[in-house]
Amino acid sequence: MDHSAEAQRTDLMTITRFVLNEQSKHPDSRGDFSILLSHIVLGCKFVCSAVSKAGLAKLIGLAGDTNVQGEEQKKLDVLSNDVFVKALVSSGRTSILVSEEDEQATFVDPSKRGKYCVVFDPLDGSSNIDCGVSIGTIFGIYMLKGDHEPTIEDVLQPGKNMLAAGYCMYGSSCTLVISTGNGVNGFTLDPSLGEFILTHPDIKIPKKGKIYSVNEGNAKNWDAPTAKYVEKCKFPQDGSSPKSLRYIGSMVADVHRTLLYGGIFLYPGDKKSPNGKLRVLYEVFPMSFLLEQAGGQAFTGKIRALDLVPSKLHERSPIFLGSFDDVEDIKALYAAEAKG
Ligand SMILES: O=P(O)(O)OC[C@H]1O[C@](O)(COP(=O)(O)O)[C@@H](O)[C@@H]1O
Ligand SMILES: [Mg+2]
Ligand SMILES: [Mg+2]
């Protein structure tokens, strides 16, 4: 064994070191955020291990209950939710938790409270669990709005008020992508070390992409701007080549590919579901925060996604996110439609 190569590995940028470096940039910081993040990272490692053994550990299939969205919960939905709720409460740094799997927000016991609120989708892409296709966890972090008894208003904040956001993708490798408001970095779990190692520093999404990602099965119910945009992707009139369609059906995986390769991911509203399917607090906001931090943009069909002010915990919104120029194209179609 080439010991020098092995020795080299101690110089690796782990997520722990990365976060401590970030913390050192805030001299007044007491390390609360680093502690919170280390508990989120622990949750991701736990779920990553459970997902990789799902078939063996009988974690495939339904849990037998439905969640607030009326969706049948998968066993891994329930397990992941338990893992993150426990990890976040035991961090001693949270006051309010909002999960896709819990109808009500969780208000942490005053004795264990901290200054952060975490919104999260413990397992995203549930329809892909049983066939082993990439799934993930999505999270966003807010600061309590003030020194008061925490209320639901502390999480019903616009996405632009988020302090940090990220996702962890459980795929061929386990990748954690995070932003604390100054750029986006990706870390890959090294199972032999049990450590997330910086593998994708300072991710910047290409200005324009060659891929569009949407569930075309909903096409008959789309509004005119969405239909026109997808038509343009397939049959461009400006001499450029048609875009390729890629759709995994797990937002984490479709957004991860979009972030690295460029292009656009869209889950539009339609006649059947005017607000689309994806939830504002723990899907739309965290992904929009990351896309903007990587130089892309996120649009609801009406406004910048991060300017949305949610009024309900599990509110849904149409979303168009990706490369700056690609989202500009769809914004222009909606603007033209609005002009009539
Ligand atoms: O099957 P559809 O309608 O295309 O929806 C797929 C979308 O639904 C989701 O699975 C919803 O998320 P959950 O799996 O967390 O409920 C997204 O990950 C994905 O983008
Ligand atoms: Mg989801
Ligand atoms: Mg989910």
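Computed from a predicted structure; not experimentally measured. (Residues numbered from 1 in each chain as written. Chains lettered and ligands numbered in written order. Predicted model: local features only at pLDDT ≥ 70, side-chain atom pairs only at ≥ 80, totals over all residues. Heavy atoms only, no water.)

**Q** Please set out the pattern of salt bridges residue by residue, giving values where relevant.
**A** Counting across every chain of the model gives 20 salt bridges. Arg279 is the salt-bridge partner of Glu100, the closest N and O atoms lying 3.1 Å from each other. Residue Glu100 is found in the loop between β3 (94-99) and β4 (106-107), and its partner Arg279 is found in the loop between β13 (264-267) and α7 (280-293); the two are separated by 179 residues along the sequence. On the accessibility criterion, Glu100 (3% relative accessible area) is buried. In this structure, the salt-bridge partner of Lys208 is Asp329, at a minimum N-O distance of 3.3 Å. (Salt bridge = Lys/Arg side-chain N within 4 Å of Asp/Glu carboxyl O. Helix = DSSP H or I, 4+ residues; strand = E, 2+ residues; numbered from the N terminus. Buried < 20%, exposed > 50% of the residue type's maximum accessible area, 1.4 Å probe, protein only.)

**Q** Run through the packing of aromatic side chains, naming residues and quoting values.
**A** For the structure on display, the rule yields 6 aromatic pairs. A centroid spacing of 6.0 Å and a plane angle of 75° characterise the contact between Phe33 and Tyr116, whose relative ring orientation is edge-to-face. On the criterion of sequence distance, the pair formed by Phe33 in helix α3 (residues 32-52) and Tyr116 in strand β5 (residues 116-124) is long-range, its members being 83 residues apart. Accessibility classification places Phe33 together with Tyr116 in one group, the buried group. Taken together, a centroid distance of 6.2 Å and an interplanar angle of 40° make the contact between Phe299 and Phe320 tilted. With Phe299 in strand β14 (residues 297-299) and Phe320 in strand β15 (residues 319-322), this pair connects stretches of sequence that are 21 residues apart. An aromatic cluster is present here, built from Phe299, Phe320 and Tyr334 joined pairwise through their rings. (Phe/Tyr/Trp six-rings, centres within 6.5 Å; stacked < 30°, edge-to-face > 60°.)

**Q** Go over the UniProt feature "domain: Fructose-1-6-bisphosphatase class I N-terminal" (unreviewed entry) in the protein chain with me, naming the residues and quoting the values.
**A** UniProt marks residues 13-201 with the feature "domain: Fructose-1-6-bisphosphatase class I N-terminal" (unreviewed entry), using the numbering shown here. Taken end to end, residues 13-201 has its terminal C-alpha atoms 10 Å apart, with 25% of it in helix and 32% in strand. (UniProt positions renumbered as here; feature names shortened; annotations may be inferred.)

**Q** Outline the coordination of the magnesium ion (ligand 3), listing residues and values.
**A** Metal coordination angles in their ideal form are 109.5 degrees for the four-donor tetrahedron and 90 or 180 degrees for the six-donor octahedron. Here the magnesium ion (ligand 3) is held by the protein donor atoms Glu100 (OE), Asp121 (OD) and Leu123 (O), which lie 1.9 to 2.2 Å from it. In the primary sequence, the donor residues of the magnesium ion (ligand 3) line up as E-x20-D-x1-L. The two metals, the magnesium ion (ligand 3) and the magnesium ion (ligand 2), are separated by 3.7 Å and share Asp121 as a common coordinating residue. With Glu100 in the loop between β3 and β4 and Leu123 in strand β5, this pair connects stretches of sequence that are 23 residues apart. One exposure class covers both Glu100 and Leu123, and it is buried. (Donors = N, O, S within 2.8 Å, 3.2 Å for Na, K, Ca; no water.)

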